[in-house]
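# Chain and residue survey
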Amino acid sequence: GKVGIIGVPFEKGQHKKGVAHGPKAIRAAGLVRELELLGLDVKDYGDISYKAKNVDGINNMSHLGDVAGCTNCLSEQIQQILKEDRRVLTIGGDHSVGIGTIDGHVKEKKNVGVLWIDAHADLNTNKTSESGNVHGMPVALLTSELADYWPHLPGMDWQQPMLSIRNVAYIGLRSVDSYERLVIEKFGITAFGMEDVERYGIHDVVYMALNRIDPNESKSLHVSFDIDSLDPLEAPCTGTPVRGGLSIREAVHLMEMLYRTKRLNAVDLVEVNPHIGNQRDTQLTVEAAIHIIQAGFGYTRRGLKVPEGVTD
Ligand code: DIR
Ligand code: MN
Ligand code: MN
Ligand code: MN
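To keep things clear, this report deals only with the structure shown in the data block.

Conventions we followed
- Residues numbered from 1 in each chain as written.
- Chains lettered and ligands numbered in written order.
- Predicted model: local features only at pLDDT ≥ 70, side-chain atom pairs only at ≥ 80, totals over all residues.
- Heavy atoms only, no water.
- Donors = N, O, S within 2.8 Å, 3.2 Å for Na, K, Ca; no water.
- Helix = DSSP H or I, 4+ residues; strand = E, 2+ residues; numbered from the N terminus.
- Near = heavy atom within 4 Å.
- Polar contact = N/O pair within 3.5 Å; in protein donor to acceptor, adjacent residues only side chain to side chain.
- Areas by Shrake-Rupley, 256 points an atom, 1.4 Å probe, with all protein chains shown as cover.
- 1 Å grid on protein atoms, 1.4 Å probe; cavity = no way out; pocket = protein on both sides within 12 Å on 5 of 7 lines; lining within 4 Å.
- Sits in = over half its atoms within 2 Å of the grid points.
- Buried < 20%, exposed > 50% of the residue type's maximum accessible area, 1.4 Å probe, protein only.
- Axes fitted to C-alpha atoms, helices over the stretch in contact; angles between N-to-C directions.
- Left-handed = near helix turned anticlockwise from the far one by under 90°.
- Contact = heavy atoms within 4.5 Å.
- Nonpolar A, V, L, I, M, F, W, Y, C, P; charged D, E, K, R; others polar.
- Pairing = 2+ DSSP bridges.
- Arc of directions from axis to C-beta.

### So, the coordination of the manganese ion (ligand 3)
- Taken together, the protein donors to the manganese ion (ligand 3) comprise His95 (ND1), Asp118 (OD), Asp122 (OD) and Asp226 (OD), at separations of 2.0 to 2.2 Å.
- When the donors of the manganese ion (ligand 3) are listed by position in the chain, the intervening gaps give H-x22-D-x3-D-x103-D.
- Between the manganese ion (ligand 3) and the manganese ion (ligand 4) the interatomic distance amounts to 3.3 Å, and aspartate 118 serves as a bridging ligand to the pair. You can see histidine 95 sitting in the loop between strand S3 (87-92) and helix H4 (97-109) and its partner aspartate 122 sitting in the loop between strand S4 (112-117) and helix H5 (138-142), a full 27 residues away along the chain.

### Observations concerning the site of ligand 1
- In the vicinity of ligand 1, the contacting residues are His120, Asp122, Asn124, Ser131, His135, Gly136, Asp177, Asp226, Asp228 and Thr240.
- Separating an oxygen atom of ligand 1 from a side-chain N or O atom of histidine 120 is a distance of 3.2 Å.
- Between ligand 1 and the protein, one listed contact pairs a nitrogen atom with a side-chain N or O atom of aspartate 177 at 2.9 Å.
- Relative to its unbound accessible surface of 320 Å², ligand 1 loses 90% to contact with the protein.
- Placement of ligand 1 is best described as lying within the second largest pocket.

### Concerning the coordination of the manganese ion (ligand 2)
- Every protein donor of the manganese ion (ligand 2) is accounted for by His15 (NE2) and His63 (NE2), and the metal-donor separations fall at 2.4 to 2.6 Å. Residue histidine 15 is found in the loop between strand S1 (2-8) and helix H1 (22-28), and its partner histidine 63 is found in the loop between strand S2 (41-47) and helix H3 (64-83); the two are separated by 48 residues along the sequence.
- Accessibility expressed as a relative area gives 35% for histidine 63, which makes it partly exposed.

### Focus: the packing of H3 against H4
- One can describe the packing of H3 onto H4 by two numbers: an axis separation of 7 Å at closest approach and a directional angle of 40°. Like other packed secondary-structure pairs, H3 and H4 cross with a definite hand, here right-handed. Contacts between H3 and H4 pair Val67, Thr71, Leu74, Ser75, Ile78, Gln79, Leu82 and Lys83 from the former with Val97, Ile99, Gly100, Thr101, Asp103, Gly104, His105, Lys107, Glu108 and Lys109 from the latter.
- Its residues assigned to classes, the contact of H3 with H4 comprises six nonpolar, seven polar and five charged.

### Points about the pairing of S4
- Along S4, six of the six residues are buried, which leaves the element largely enclosed by surrounding structure.
- Sheet topology note: the S4/strand S7 (residues 220-226) ladder contains six bridges and is parallel. Counterpart to isoleucine 117 in the pairing with S7 is phenylalanine 225.
- Looking at chain direction, S4 and strand S5 (residues 168-173) are connected through four bridges and run parallel. Each bridged residue has a counterpart across the sheet, and for isoleucine 117 the counterpart in S5 is isoleucine 171.

### Overview of the sheet that holds S7
- Pairing is parallel in the open sheet, where eight strands are placed in the order S2-S1-S3-S8-S7-S4-S5-S6. Either end of the sheet is taken by a strand with one partner, and the two such strands are S2 and strand S6 (190-193). Each adjacent strand pair in this sheet contributes to an overall mean axis angle of 15°, direction not counted.
- Direction of pairing for S7 relative to strand S8 (residues 264-270): parallel, over a ladder of six bridges.

### Structural notes on helix H6 (residues 178-187)
- The set of residues buried in H6 consists of Glu180, Val183 and Ile184. Buried residues in H6, looked at end-on, bunch into an arc of 100°, giving them a common side. Away from its buried face by more than 90 degrees, H6 exposes Ser178, Tyr179, Arg181, Leu182, Glu185 and Lys186.
- In the stretch just after H6, glycine 188 is the one whose phi turns positive, near 60°.

Everything listed here is a matter of geometry and, on its own, says nothing about what the molecule does.
Right, here's the structure in full:
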């Protein structure tokens, strides 16, 4: 298998400094080596470079020109990596990078199913957001059913909301704004919160989520993994932690299941902020990120198979 890595040191989708250092911290923990140990052909494309778009801002949406510039370049980069026949791993950066990765994935593969693993629904528009932070808006920007709820966004004309909200499933929710809940109910969005993880267990939740968004097992799958879906005891270094989240075991189980579909073509790992907490907190969080990525690219707790040709 072939994998491409792209770092996105972008932090203007929210207001805490430090999340731009996520890619550096995760690479420094041996990301490329760990993936190569899985027998993968790994190409690190480095960090994205982009120019902010010089556009008028719009109400209650911070740093739109930066978000637009970065996600536009990122979308093109993702398409390029997928064209080179590599699965793609994107290291954030805040969750606004999901606008670029999912746009690129949909443009390249058309038929895409998205698992949005997060404590939050990231489903606000500029009208419903209480923060004005774009990292709380990507799902609403990407989905066709919500297009009518947006004003014209200067600098975002390259992006067409081509993803149906029926192709998105949430897992891990536990901090949902009232308007987000309204939208989830209105459109019948597939959403498994922590309560469902407790009730059914993570295995059945993932099974049901895949069954809902991809019943024919035909879609190219995309996991957008916000590290704040994990319990803050397991991943403390993130900007908006919420108690009572997924354990690392549940997250690894989820990623192992998705890997086994053989259709997991894109993984985003976002919102790791190495500047929050102490050195031990950072180590915990970065190690958790590495375990989640490894599981998504084929690491298995059963032990890897002996590579072919080395058995005798
Ligand atoms: C909140 C927080 N719903 C917002 N969102 C976060 O700002 O829209 N997403 N933290 O990850
Ligand atoms: Mn600001
Ligand atoms: Mn998020
Ligand atoms: Mn979140």
